[in-house]
Amino acid sequence: MSNQVAPLIAGMAVAAAAYAGKYGIRAWQAFKARPPTARMRKFYEGGFQPAMTRREAALILGVRESTPTEKVKEAHRRVMVANHPDAGGSHYLASKINEAKDIMLRRTKGSNSAF
């Protein structure tokens, strides 16, 4: 009886490994074939337009164009903390972030950047 048990167990182990491999390959193919989704970005990653628009200002701050004033101020603070010149950020980016806040709060109509 023990002569037949060892090959049976070995056969079952091989079958289990084959099924696991088959499942792994199918899962990998499904993962690769999934439609591309927008990656979560916290901040705007594009270049700047010559005259900042309200759309571009919203993208820079990571808010919608119809965002309330308080949310714009919170977003400005969050982005500015990450890009402040005193913390190693760029003066140019800080001026663009401030310009974006001004446009979103309707304090200015055109480019007010120092650069």
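Reading guide: rules and limits
Residue numbers run consecutively from 1 along every chain, following the written order of its sequence. Only residues with pLDDT of at least 70 get local features here, since the model is predicted, and only at 80 or more are side-chain atom pairs given and counted; chain-wide, interface and lining totals rely on the full set of residues. Working from all heavy atoms in the structure, the side-chain values ignore hydrogens and water. Lines are fitted to the C-alpha atoms to define the axes, a helix being fitted only along its stretch in contact, and any angle between axes, read from their N-to-C directions, falls within 0 to 180 degrees. In this text, helices come from DSSP runs of H or I with a minimum length of four residues, and strands from runs of E with a minimum of two, each type numbered from the N-terminal end. In these notes the angle categories are as follows: under 35 degrees is roughly parallel, over 145 is roughly antiparallel, 65 to 115 is roughly perpendicular, and the rest is oblique. Contacts are assigned to residue pairs with any non-hydrogen atoms lying within 4.5 Å of each other. The nonpolar class holds Ala, Val, Leu, Ile, Met, Phe, Trp, Tyr, Cys and Pro. Asp, Glu, Lys and Arg form the charged class, and all remaining residues, Gly among them, are polar. Here, the term nonpolar core denotes a set of buried Ala, Val, Leu, Ile, Met, Phe, Trp, Tyr and Cys residues that are joined through side-chain atoms within 4.5 Å. Type-normalised accessible area, obtained with a 1.4 Å probe on protein chains alone, sets the label of each residue: buried when under 20%, exposed when over 50%, and partly exposed for intermediate values.

An unreviewed UniProt entry lists the protein chain under the name Mitochondrial import inner membrane translocase subunit TIM14-2, with Citrus sinensis given as the organism.

**Student:** Explanation requested: the packing of helix 3 (residues 69-83) against helix 4 (residues 91-104) in the structure shown.
**Tutor:** Between helix 3 and helix 4, the shortest axis-to-axis distance is 10 Å and the interhelical angle comes to 180 degrees. By the angle between their directions, the pair helix 3 and helix 4 is classed as roughly antiparallel. Facing Val 72, His 76, Val 79, Met 80 and Asn 83 of helix 3, the residues of helix 4 in contact are Leu 93, Ala 94, Ile 97, Asn 98, Lys 101 and Met 104. Here the contact of helix 3 with helix 4 is composed, by residue class, of seven nonpolar, three polar and one charged.

**Student:** Help me understand the nonpolar core in this model?
**Tutor:** Inside soluble globular proteins, nonpolar side chains tend to come together where they are buried. Core analysis: the biggest nonpolar cluster contains 16 residues, and Met 52, Ala 57, Leu 61, Val 63, Ile 97, Ala 100 and Met 104 have the highest contact counts within it. Sorting the residues of this core by element identifies helix 2 (54-61), helix 3 and helix 4 as the ones contributing at least two each. In terms of residues, this core owes the most to one element, helix 4, which gives five residues.

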